[in-house]
Amino acid sequence: MNEGSQDPSAAGRRAAFQLGRRAILPFLPGAFAWGMISGVAMVKGGLAVPWAVAMSLLVYAGSAQLAALPLIVAGAPLWVIVATGLITNLRFVIYSAALRPYFATHSLRRRMALGYFMTDFTFVRFMRSAQEGTMPADHRDSWFAGVCSSNWITWQVSAITGIIGASYVPTEWGLEFTGTLALVALVGPSLNARPALLGAVIAAVVALLAHALPFKLGLFCGALAGIVAATLTDFMQARDAPAMEDA
Amino acid sequence: MSDPVAGLGLAFVIVGLALSTLLTRTSFLVVGSRLRLSHRAEVALRYAPVCTLSAIIVPDVLFHGGAALDLSLFNPRLIGVIGAALWLCASRNIVGCLASGMAAYSLARLYL
């Protein structure tokens, strides 16, 4: 690696990284609470402490870990556990498709790293700023790396705190609800137009109706239905307003 | 309570689950610039965040811990979300939104 201190693009990358860290900062209490309660759940669910730490560090997917936990404890076959992880993580396939155009020009290694460290929080935070144009357009990858590194550190510190202090963390306070509230704060400002509103309503209704499905498939079905509804509304609006560009 | 689960078998489980994280999160990113998406698909993906989060949040709030849908105003999570949303409408301060949501939620759990 070069020194890079005189290189203006290196300075731009560093600045974008710091802006990204700042952009995710207010949401981190939510990530912390949810990470800590997940850590507690791993240990109370029956995992030994060092293995729970290893799982948190490597798997880094709270909902998949919690879905796999009862299967692990029951001694289910490996392929069943991994399949459960894959299906629970299906929404990330949509996320990676949405991120693709922003990072298409970067090296494969960079794209894989940015993808691996993406979560619900960091993805939604990125998309909002990308659409509002409130991040340095030349250094979106550095901005996202800033967001993801802060989120990763927060999650790991909180999860390991929960794993080690499982018997001391008060689970009856409902701290994990802070995570849900952080998601509300992330999504709220995007509900400002009819397609997004309709998509959110349809996604919620379908997710509620399909709630009994295993592997969080209800979530995935709801998200897909909402996206279809929002897109159709968007296109109908565009047709009614012929001033819009594009053929 | 039985002994905690540990052992070499768990190492394979962790690697397998880590791969499930990596594969799903990098799936389309690996394809990179070789893929051309239609305009319609690009519009659709713009709505991925709001729709996915709605599908995560709403069941989490309305099925709070139980199997039954709770649409009543005695649902503390619903009160919490309303508190957070009101704060968010009045100010863009995120930490205040989390704090007011947790306060409303905790008060509802204590007194309802």
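**Some points on the nonpolar core**
Here is step 1 of the chain: Membership of the largest hydrophobic core comes to 68 residues, with the highest contact counts inside it found for Leu99(A), Phe123(A), Phe126(A), Phe144(A) and Leu53(B).
Here is step 2 of the chain: Per-element accounting of this core gives the leading share, nine residues, to helix H3 (residues 48-62) of chain B.
Here is step 3 of the chain: Apart from residues no more than four positions distant in its own chain, Phe123(A) is found in contact with Tyr95(A), Ala98(A), Leu99(A), Met118(A), Phe144(A), Ala48(B) and Pro49(B).
Here is step 4 of the chain: Counting residues in hydrophobic clusters, the runner-up holds 24 residues, among them Leu47(A), Ile81(A), Val169(A) and Leu17(B).

**A few points about the interface of chain B and chain A**
Interfaces are frequently sized by the accessible area removed from exposure as the parts join.
Here is step 1 of the chain: Counting from both sides, the interface comprises 67 residues of chain B and, opposite them, 87 residues of chain A.
Here is step 2 of the chain: Interface of chain B and chain A: buried area, both sides summed, is about 6800 Å²; carbon and sulfur atoms make up 77% of it.
Here is step 3 of the chain: The largest per-residue losses of area from chain B upon contact with chain A belong to Leu17(B), Arg25(B) and Leu29(B), which jointly make up 12% of the total buried on that side.
Here is step 4 of the chain: If you look at where chain B meets chain A, you find one salt bridge.
Here is step 5 of the chain: Residue Arg77(B) pairs with Glu176(A) through a salt bridge whose shortest N-O separation is 3.7 Å.
Here is step 6 of the chain: Those elements giving two or more residues to the side of chain B that touches chain A turn out to be helix H1 (8-31), helix H2 (39-46), H3, helix H4 (76-90) and helix H5 (94-111) of chain B.
Here is step 7 of the chain: Broken down by element, the side of chain B that touches chain A gets its largest block of residues, 19 residues, from H1(B).
Here is step 8 of the chain: For the side of chain B that touches chain A, the per-class residue count stands at 45 nonpolar, 14 polar and eight charged.

**Quick notes on the pattern of salt bridges**
Here is step 1 of the chain: Scanning the entire structure with this criterion turns up five salt bridges over all chains.
Here is step 2 of the chain: With its nearest N and O atoms 2.8 Å apart, the salt bridge here joins Arg91(A) to Asp120(A). Linking Arg91(A) in helix H6 (residues 91-103) with Asp120(A) in helix H8 (residues 120-132), this pair joins segments that are 29 residues apart in sequence. Pair check on accessibility: Arg91(A) and Asp120(A) agree, each one buried.
Here is step 3 of the chain: Through salt bridges with shared partners, a single network forms among Glu176(A), Asp60(B) and Arg77(B).

What counts as what
- Residues numbered from 1 in each chain as written.
- Chains lettered and ligands numbered in written order.
- Predicted model: local features only at pLDDT ≥ 70, side-chain atom pairs only at ≥ 80, totals over all residues.
- Heavy atoms only, no water.
- Core = buried A, V, L, I, M, F, W, Y, C linked by side-chain atoms within 4.5 Å.
- Buried < 20%, exposed > 50% of the residue type's maximum accessible area, 1.4 Å probe, protein only.
- Helix = DSSP H or I, 4+ residues; strand = E, 2+ residues; numbered from the N terminus.
- Contact = heavy atoms within 4.5 Å.
- Buried area = accessible area lost by both parts, 1.4 Å probe.
- Salt bridge = Lys/Arg side-chain N within 4 Å of Asp/Glu carboxyl O.
- Nonpolar A, V, L, I, M, F, W, Y, C, P; charged D, E, K, R; others polar.

So, to be careful, I would describe these as geometric facts and stop short of saying anything about function.
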